[in-house]
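Coordinate inspection notes
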Amino acid sequence: MAVPEAQREFLEHITSQLKKDDRLLGLAIGGSYLRGEMDEYSDLDLIIVVKDVYYQQILNERQLFASQLGSLLVAFTGEHVGEPRLFICLYENPLLHVDLKFLLLQDFTIDRIENPIVLWEQKDLLTLAIKENPRNYPPLDLQWIEDRFWVWVHYITTKLGRGELFEAIDALSFIRGQVLAPLAKIQAGKLPRGVRNLETELPHLLPDFRQTIPIQHNHYEIAKALQHSIYLYRQFRDALKTPALVVHFSAETASTQYLQAVVDGIK
């Protein structure tokens, strides 16, 4: 796999540095490197596996640890994405986004959504953990979506009716990333990774997805984008033909009628 020069040099440097740290058991990488999709804009998703006895020490010293790996500009922990073990770093010379996730070996064994590539390890520990506990990208829960979708439609409609247009626009973006794009991708046999690479993975659907984006900050355009989002959701949901799916037809009817009433009132 061709790795851009900046990322390749950083990986070589960090691997040579971490090999010298006796507190560590290994280093692995996931993300675009794992999928063979790296380009000059890619970040690095690194997993650093730490010996139990040193784990809390390294967590407490993450800022110092990261600063010793390169010219660190700024870094912060990942509570905002529900992952406090993650340390999100921006380095310069070259300017790179690097995620450092610190795990115990037992967590590395079970707490994964993919099978990363091992860059360095002691005694094949990481390789064995991956082999004995392979992981696949988590499947999309269609029932979870259906249970929530019509409540979200009602919510956006209330914001539209009240005139909270930016709130409605943000909620439309959420639906696009968490519902519509993942559904379209699994229908096409791809991983449901939100809107990531939507332009290259599903180019034939771009005209439809553009219609889920309000082209102006006004009630009419936002309502039209919401209506097309509903249309797409129905198309994707029904095309997947999931026998066990419980469709909430009453909620669907009530929320869409409410949307139409609000739209009529705005006119």
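Further up the page is the structure itself.
Residues numbered from 1 in each chain as written. Predicted model: local features only at pLDDT ≥ 70, side-chain atom pairs only at ≥ 80, totals over all residues. Heavy atoms only, no water.

1. Quick word on the sheet that holds strand 5 (residues 96-104)
Taken together, the 6 strands give an open sheet; going across it, the order is 3-4-5-2-1-6, and neighbouring strands pair in mixed fashion. Here the strands that pair on one side only, and so sit at the sheet edges, are strand 3 (71-78) and strand 6 (117-121). Within the sheet, the average angular offset between the axes of one strand and its neighbour, ignoring direction, is 25 degrees. In this structure, strand 1 (residues 24-29) lies alongside strand 2 (residues 44-50), joined through 5 bridges in antiparallel fashion. For Ala 28, the partnering residue across the bridge sits in strand 2 and is Ile 47. Together, strand 1, strand 2, strand 4 (83-92), strand 5 and strand 6 form the strand contacts of helix 1 (residues 5-18), whose direction differs from that of strand 2 by roughly 5 degrees. With respect to the sheet, helix 6 (residues 125-132) is in contact with strand 1, strand 2 and strand 6, its orientation differing from that of strand 6 by roughly 150 degrees. (Pairing = 2+ DSSP bridges. Helix = DSSP H or I, 4+ residues; strand = E, 2+ residues; numbered from the N terminus. Axes fitted to C-alpha atoms, helices over the stretch in contact; angles between N-to-C directions. Contact = heavy atoms within 4.5 Å.)

2. Re the layout of surface pockets
As a volume, the largest pocket reaches approximately 1,500 Å³. Residue lining of the largest pocket: 43 residues in total, with Asp 45, Ile 113, Glu 114, Tyr 137 and Arg 196 positioned closest to the centre. Going through the elements one at a time, helix 2 (31-35), strand 2, strand 4, strand 5, helix 7 (142-162) and helix 8 (165-187) are the ones with two or more residues in the lining of the largest pocket. The leading source of residues in the lining of the largest pocket is strand 4, at 4 residues. Taken together, the residues that form the lining of the largest pocket break down as 17 nonpolar, 11 polar and 15 charged. (1 Å grid on protein atoms, 1.4 Å probe; cavity = no way out; pocket = protein on both sides within 12 Å on 5 of 7 lines; lining within 4 Å. Points joined across faces, edges and corners; volume = space filled by probe spheres on them. Nonpolar A, V, L, I, M, F, W, Y, C, P; charged D, E, K, R; others polar.)

3. Quick notes on the packing of aromatic side chains
Going through the model one piece at a time under the given rule, you end up with 8 aromatic pairs. Here the aromatic rings of Phe 10 and Tyr 91 are separated by 5.0 Å at their centres, their planes lie at 55 degrees, and the arrangement is tilted. Note that Phe 10 is positioned in helix 1 and Tyr 91 in strand 4, a separation of 81 residues in sequence. The same class applies to Phe 10 and to Tyr 91, which are both buried. Measuring from ring centre to ring centre gives 4.8 Å for Phe 149 and Trp 150, while their planes differ by 90 degrees; the resulting arrangement is edge-to-face. Trp 150 carries the same exposure label as Phe 149, and that label is buried. Connected via pairs of aromatic rings, a cluster forms that spans Trp 144, Trp 152 and Phe 174. Of note, Arg 112 hangs over the ring of Phe 108, and the distance from its end group to the ring centre comes to 5.3 Å. (Phe/Tyr/Trp six-rings, centres within 6.5 Å; stacked < 30°, edge-to-face > 60°. Buried < 20%, exposed > 50% of the residue type's maximum accessible area, 1.4 Å probe, protein only. Lys NZ or Arg CZ within 6 Å of the ring centre and 35° of its normal.)

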